[in-house]
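The residues making up each chain are set out below.
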Amino acid sequence: MGKIALCVKTKDYLETKSLSNQTFELVDRDICETDDSYLQLIPYVVIVNSSNGDIFIYKRGTSGNEDRLHDLYSIGVGGHVETTGDDIYTVLKECAVREIEEEIGYVCDEAEEEQIYNQLTNFSLNIYDDSNDVGKHHLGICFPFYASDDKLKSLSMEDNVITNTQWKSSKDLELDIMDNIIILETWSIHAFNNFFKQSKQILVNL
């Protein structure tokens, strides 16, 4: 077996659209990337500056694992879950903490790990979008993470994965999306509409 991913059965998830009382299993990525019966769980973390509310945005580089997302802008940091455990939210938290450190060099302290767990259990958005091949085989568990302004000043981006980084207020980002200055990947559109959108217009990728 090569790379693995923690999955839930697509049929089981769609019956409730909840992670509660689900059976999760580690599956070979070569199988679940094309098998419509599996959804791979992906913590999808939106980094927000806790001091001013600005949102971290970046363009996906060519070294990222998902070729179909290269050159699109994203507000989400995350990756595949490669472990399992008794509490799915603890498993997701540990993956999110790892991905935040690997991708942008931000090391969470104990209080921030508790914040992530609380966000996952109380305020997360499950994103399933079968309108494209990426979304059809993945389930995003999305939430904002309110990061320390001081620690954000010394980030270290993963080479050729996180590129063209910016910080934008939700208002400015919304205007850039509406004007097609920034083209977000689909999950980021869902995340922005759910957590940050200020106008009544539902933003979509054009």
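Structure first, text after, so check above.
Caption draft 1: Up close: the pattern of salt bridges. Under the criterion given, the structure shown has 10 salt bridges. Here Arg98 ties to Glu102 by a salt bridge, and the two come within 3.7 Å at their closest N and O atoms. Linking Arg98 with Glu102, this pair stays in helix H3 (residues 88-104), spanning 4 residues, or about one helical turn. Among the charged side chains, a network of salt bridges with common partners joins Arg98, Glu99 and Glu102.

Caption draft 2: Local environment of helix H4 (residues 110-122). With 13 residues, H4 should cover 18 Å at 1.5 Å per step; its first-to-last C-alpha distance of 18 Å lies within 8% of that length. Turning to H4, its buried residues number three or more, namely Glu112, Ile116, Gln119 and Leu120. Taken end-on, H4 shows its buried residues confined to a sector of 100 degrees, consistent with a single buried face. Opposite the packed face of H4, turned more than 90 degrees from it, sit the exposed residues Glu110, Ala111 and Glu114. Buried residues along H4 sit against H3, strand S8 (138-147) and helix H6 (149-152). Where H4 begins, the capping side chain belongs to Asp109, and its oxygen is found 3.2 Å from the backbone nitrogen of Ala111.

Cut-offs applied
- Residues numbered from 1 in each chain as written.
- Predicted model: local features only at pLDDT ≥ 70, side-chain atom pairs only at ≥ 80, totals over all residues.
- Heavy atoms only, no water.
- Salt bridge = Lys/Arg side-chain N within 4 Å of Asp/Glu carboxyl O.
- Helix = DSSP H or I, 4+ residues; strand = E, 2+ residues; numbered from the N terminus.
- Expected span 1.5 Å × (residues − 1).
- Buried < 20%, exposed > 50% of the residue type's maximum accessible area, 1.4 Å probe, protein only.
- Arc of directions from axis to C-beta.
- Contact = heavy atoms within 4.5 Å.
- Polar contact = N/O pair within 3.5 Å; in protein donor to acceptor, adjacent residues only side chain to side chain.

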